[in-house]
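Examination of the molecular architecture
Here is what each chain is made of, one letter per residue.
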Amino acid sequence: QVQLVESGGGLVQPGGSLELSCAASGSIFSINVMGWYRQAPGKQRELVATVTTGGSTSYQDSVKGRFTISGDNAKNTVYLQMNSLKPEDTAVYFCNAILSLRRGGLPYVYWGQGTQVTVSS
């Protein structure tokens, strides 16, 4: 079994910062990509940022320059540093990983349980 466990959500004032972390555990052979998605009430889940094991990153336009994604391959962990937070960043943030359970195995997508981020004064 593979588990993705997120931490670091909470309530922050506009302009503040939070760091999310997500650790993948279980019978993992290799991880291709880890990332963060978010879902606000009444809206579809959207991609926030991704990072490959090689260190390549991508971001949604609305978070560029404010959020930084990073990964620790040795710990199978991904981080999301969120600065200059805005009320529109309020959402449940989900960790995502595309990984293989064995050599030559097909990659599968796994999700964390989500962590709430609320930006409000």
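Residues numbered from 1 in each chain as written. Predicted model: local features only at pLDDT ≥ 70, side-chain atom pairs only at ≥ 80, totals over all residues. Heavy atoms only, no water.

A few points about a nonpolar patch on the surface
On the surface, Leu101, Leu106 and Tyr108 cluster together to form a nonpolar patch covering roughly 330 Å² of accessible area. By the secondary structure assignment, leucine 101 is in the loop between strand E9 (91-100) and strand E10 (108-111). Judged by relative accessible area, leucine 101 falls into the partly exposed class, the value being 38%. (Patch = residues over 30% accessible without salt bridge, like charges linked within 9 Å, V, L, I, M, F, W, Y side chains within 5 Å. Areas by Shrake-Rupley, 256 points an atom, 1.4 Å probe, with all protein chains shown as cover. Salt bridge = Lys/Arg side-chain N within 4 Å of Asp/Glu carboxyl O. Helix = DSSP H or I, 4+ residues; strand = E, 2+ residues; numbered from the N terminus. Buried < 20%, exposed > 50% of the residue type's maximum accessible area, 1.4 Å probe, protein only.)

Observations regarding the pattern of salt bridges
Between side chains of opposite charge, a pair can form as their charged atoms come close. Applying the stated criterion across every chain, the model contains four salt bridges. Across the salt bridge formed by aspartate 89 and arginine 66, the nearest N and O atoms sit 2.8 Å from each other. Residue aspartate 89 is found in the loop between strand E8 (77-82) and E9, and its partner arginine 66 is found in the loop between strand E6 (57-59) and strand E7 (67-72); the two are separated by 23 residues along the sequence. Comparing aspartate 89 with arginine 66, the two get one shared label, buried. The network of salt bridges with common partners includes Arg38, Glu46, Arg66 and Asp89.

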